[in-house]
Amino acid sequence: MHTKSLIWEGEAIDVKIPTKMIFVVAESENYVRGDTVSGANQTGRYRNGSCVRVPLFIKQGEKIMVNTETNEYQERVNT
């Protein structure tokens, strides 16, 4: 997964990022076990402050794969 940049006269004029990238969940909401009224999702926040909806089992500090085109959770990453 690499980011590609097109440089012209020393300026970046185009940047392409991978469709899927790995992010670390810096913050996630607490939930009560069995509470699925919210659709069994919670808000996870990246270190830069951006948010994504993640399943309830995702905890702070875990790595997740996110689709960068839709900003949707794809899967938990075990590394």
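Residues numbered from 1 in each chain as written. Predicted model: local features only at pLDDT ≥ 70, side-chain atom pairs only at ≥ 80, totals over all residues. Heavy atoms only, no water.

**Student:** Sorry, what's going on with the sheet that holds strand S7 (residues 63–67) here?
**Tutor:** Paired through backbone hydrogen bonds, the strands of a sheet run either parallel or antiparallel to each other. Across the sheet, three strands lie side by side as S3-S7-S8; this open sheet has antiparallel pairing. Each having just a single partner strand, strand S3 (20–24) and strand S8 (72–77) make up the two edges of the open sheet. Across the sheet, the axes of successive neighbouring strands diverge by a mean angle of 35°, strand direction being ignored. Relative to S8, S7 runs antiparallel, the two sharing five bridges. Pairing of Asn 67 across the sheet is with Glu 72, part of S8. (Pairing = 2+ DSSP bridges. Helix = DSSP H or I, 4+ residues; strand = E, 2+ residues; numbered from the N terminus. Axes fitted to C-alpha atoms, helices over the stretch in contact; angles between N-to-C directions.)

**Student:** Looking at this structure, I do not really get a nonpolar patch on the surface. What am I missing?
**Tutor:** A contiguous nonpolar patch, built from Leu 6, Trp 8 and Ile 13 and spanning about 350 Å² of accessible area, is present on the exposed surface. Counting through the fold element by element, Trp 8 comes out in strand S1 (residues 4–8). Using a relative accessible area of 55% as the deciding quantity, one classes Trp 8 as exposed. (Patch = residues over 30% accessible without salt bridge, like charges linked within 9 Å, V, L, I, M, F, W, Y side chains within 5 Å. Areas by Shrake-Rupley, 256 points an atom, 1.4 Å probe, with all protein chains shown as cover. Salt bridge = Lys/Arg side-chain N within 4 Å of Asp/Glu carboxyl O. Buried < 20%, exposed > 50% of the residue type's maximum accessible area, 1.4 Å probe, protein only.)

**Student:** What exactly am I supposed to notice about the pairing of S7 here?
**Tutor:** The side chains of a regular strand alternate, first on one face of the sheet and then on the other. Of all five residues in S7, four are buried, a share of seventy percent or more. Alignment of S3 against S7, held across five bridges, turns out to be antiparallel. Directly across from Ile 22, in S7, lies its bridge partner Met 65. The hairpin turn running from S7 into S8, its antiparallel successor, is four residues long, and Asn 71 in that turn takes a positive phi close to 55°.

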